[in-house]
Amino acid sequence: MIVKLNNISISAISTAIPKQQFEIKDLCPSYSTEEIKRLVSVTGIESVRIAPKDLCTSDLCLEAAKLLLLELGVSPSDIDGIVFVSQTPDYIMPATSLILQAKLNLRKDIVAFDINYGCSAYVYGLLQASLLVSSSSCKKVLVCVGDVISKYVNPRDKSLIVIFGDAGSATLVEKGNHSIAFNIMSEGSGAQYLVIKAGSNRYPKNKDTCIERIDEDGNWHTDENLYMDGIQLMNFCLSNVPATINDLLRFVGWAKEEIGFFGLHQANKFLVNSIRKRIGVKEECVPITMQNTGNTGPASLPLLLSIEHERLNRENRLEKSILSGFGSGLSCGAVACNLAESKIFSPLEI
């Protein structure tokens, strides 16, 4: 699906991350010093942010949203809609968006709903908010995106504990003077390549789902833990992300040389660089910022902007921006937008 919507503004972006960190070097003696150096070199990750037991995705998004509203001087009563996008909601039911509606003291007559999405979640959240604004159903929509996926990573799964971190975000989408365009693709036949198998109706938890197994690489996990087939995911991303971005550029009539900022989902350094090379753009246009946060899944794009916004603004790179999320689903989404007038705040630690 490829679509362009007019008179849309991404007014502000804020993010929140846990203070608690897991240092990759702490894997010694499970890994040798040389193995850790090689791991950091390939992934670009030295530490990941870990939410403590009592911290949920909604808590991170709540603090990000409160900061955004405060800094913008926007009253909660001005918000017409809230969209929560995450794979780690507070409960199976009710929707986490309703919990955020109450905690933020938003009006009772607003639209509030959840979307279950991972790596491409931010693009989906922006699309849904933009559709609501474009239809004149809403004037201001709060998009809350994030995960606390570390709670589903087996502590003995060395392949994942060094990659995935936690974060939340809030973005305000409203009527404005800019156009925004999206390109979305899905390949559900690969759903099993990044999955938490047990815990819902298709595969309820039972005495067998918590049994630990070890794979050929020495990583332990249960069916209640996050499982990832990294090779299959990489193949999907390398095959589809460049094409999705290139098709979007042709659709909006932008040349690659005009784009100041390509924001790619911060999966790992190797994959980001591989996609960048396939697209054919310079390194300075494609920042890599997961060094001290890890792959924060749904929140990686707003977090990337929170970390890099000062440089990007200083170098006037945000007027023509491409954001691309890709991974779980399997899914891929890209958005072409103007972020030059967006207020972007540095990450809040909680």
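The structure contained in this document is the topic of the report that follows. Per-chain numbering applies: the sequence of each chain, read as written, is numbered from 1 onward. Only residues with pLDDT of at least 70 are given local features in this predicted model, and only at 80 or more are side-chain atom pairs given and counted; all residues enter the totals for whole chains, interfaces and linings. Side-chain measures here rest on the full set of heavy atoms in the structure, leaving out hydrogens and waters.

## Let's talk about the overall build of the protein
Item 1. Per the convention used, a helix needs a DSSP run of H or I reaching at least four residues, while a strand needs a run of E reaching at least two, with both numbered from the N terminus. Broken down by element type, the protein carries eight helices and 17 strands.
Item 2. The C-alpha radius of gyration computed for the protein amounts to 19 Å, which stays within 12% of the reference 20 Å derived for 350 residues, consistent with globular compactness.
Item 3. With the C-alpha coordinates of the protein rotated into their principal frame, the extents come out at 55 × 45 × 35 Å.
Item 4. In the protein, buried positions account for 55% of the 350 residues.
Item 5. Contacts are assigned to residue pairs with any non-hydrogen atoms lying within 4.5 Å of each other. Across the protein, the fraction of contacts at a sequence separation of at least 24, relative to all contacts at a separation of at least 6, is 79%.
Item 6. Accessible areas in this description were obtained via Shrake-Rupley with a 1.4 Å probe; residue shielding takes into account the shown protein chains only. Looking at the protein as shown, the accessible area adds up to about 15,200 Å², and 49% of this sits on carbon and sulfur atoms. We take the radius of gyration over the C-alpha atoms and set the globule estimate at 2.2 Å times the residue count to the 0.38 power. The cut-offs for exposure are 20% and 50% of the maximum accessible area for each residue type, with area from a 1.4 Å probe on protein chains only; residues under the lower value are buried, those over the upper are exposed, and the others partly exposed.

## Some thoughts on the packing of aromatic side chains
Item 1. We call Phe, Tyr and Trp rings a pair once their centres come within 6.5 Å, taking the six-membered ring for Trp, and we label the pair stacked below 30 degrees between planes, edge-to-face above 60, and tilted otherwise. Under the criterion given, the structure shown has one aromatic pair.
Item 2. Summarising the aromatic geometry, the rings of tyrosine 117 and tyrosine 124 are spaced 4.1 Å apart at their centres and angled 15° between planes, so their arrangement reads as stacked.
Item 3. Our definition puts a charge over a ring when NZ of Lys or CZ of Arg is within 6 Å of the ring centre and also within 35 degrees of the ring normal. Of note, lysine 197 hangs over the ring of tyrosine 227, and the distance from its end group to the ring centre comes to 5.9 Å.

## Focus on the nonpolar core
Item 1. Only buried residues count toward a nonpolar core, which is a set of Ala, Val, Leu, Ile, Met, Phe, Trp, Tyr and Cys residues joined through side-chain atoms within 4.5 Å. The biggest cluster of nonpolar side chains holds 47 residues, and the ones touching the most others in it are Ile245, Phe262, Ile275, Ile322 and Phe326.
Item 2. Looking at this core, the elements that each hand over two or more residues are helix H1 (33-43), helix H5 (158-161), helix H6 (230-252), strand S13 (261-264), helix H7 (269-279), strand S14 (321-327) and strand S15 (331-337).
Item 3. Element by element, the count of residues in this core is highest for H6, at nine residues.
Item 4. Isoleucine 322 has contacts with Ile245, Leu248, Leu249, Trp254, Ile259, Phe261, Phe262, Gly263, Val335 and Ala336, leaving out every residue within four places of it along the chain.

## A few points about the environment of lysine 207
Item 1. Here lysine 207 shows up in the loop between strand S9 (194-195) and strand S10 (213-214).
Item 2. What makes lysine 207 exposed here is its relative accessible area of 67%.
Item 3. Side chain to side chain, lysine 207 and aspartate 208 meet in a polar contact 3.4 Å long. Counted as a polar contact is a pair of N or O atoms within 3.5 Å, where, for protein atoms, one must be capable of donating a hydrogen and the other of accepting one, and residues adjacent in sequence contribute only when both atoms are in side chains.

## Quick notes on the packing of helix H2 (residues 57-72) against helix H3 (residues 96-103)
Item 1. Fitted lines through C-alpha atoms give the axes, limited to the stretch in contact for helices. The angle between two N-to-C directions lies from 0 to 180 degrees. Where H2 contacts H3, the axes come no closer than 10 Å and their chain directions differ by 40°. Regarding the angle of H2 to H3, the classification is oblique. Seen from above, H2 lies across H3 with right-handed handedness. Of the residues in H3, those in contact with Ser58, Asp59, Cys61 and Leu62 of H2 are Thr96, Leu100 and Lys103.
Item 2. For this classification, Asp, Glu, Lys and Arg are treated as charged, while Ala, Val, Leu, Ile, Met, Phe, Trp, Tyr, Cys and Pro are nonpolar and the rest, including Gly, are polar. In terms of residue class, the contact of H2 with H3 is built from three nonpolar, two polar and two charged. Orientation categories follow fixed angle ranges, with anything under 35 degrees roughly parallel, anything over 145 roughly antiparallel, 65 to 115 roughly perpendicular, and all other angles oblique. Left-handed describes a crossing whose near helix is turned anticlockwise from the far helix through less than a right angle; right-handed describes the clockwise counterpart.

## Quick look at the side chain of threonine 96
Item 1. Along the chain, the position of threonine 96 falls in helix H3.
Item 2. Of the residues examined, threonine 96 reaches a relative accessible area of 0% and is grouped as buried.
Item 3. If we ignore the near neighbours within four places in the chain, the residues touching threonine 96 are Ser58, Phe84, Pro89, Asp90, Tyr91 and Asp114.

## Regarding the side chain of threonine 244
Item 1. Note on placement: threonine 244 falls in helix H6.
Item 2. If we skip the residues at most four places from it in the chain, threonine 244 touches Asn183, Met185, Cys332 and Ala334.

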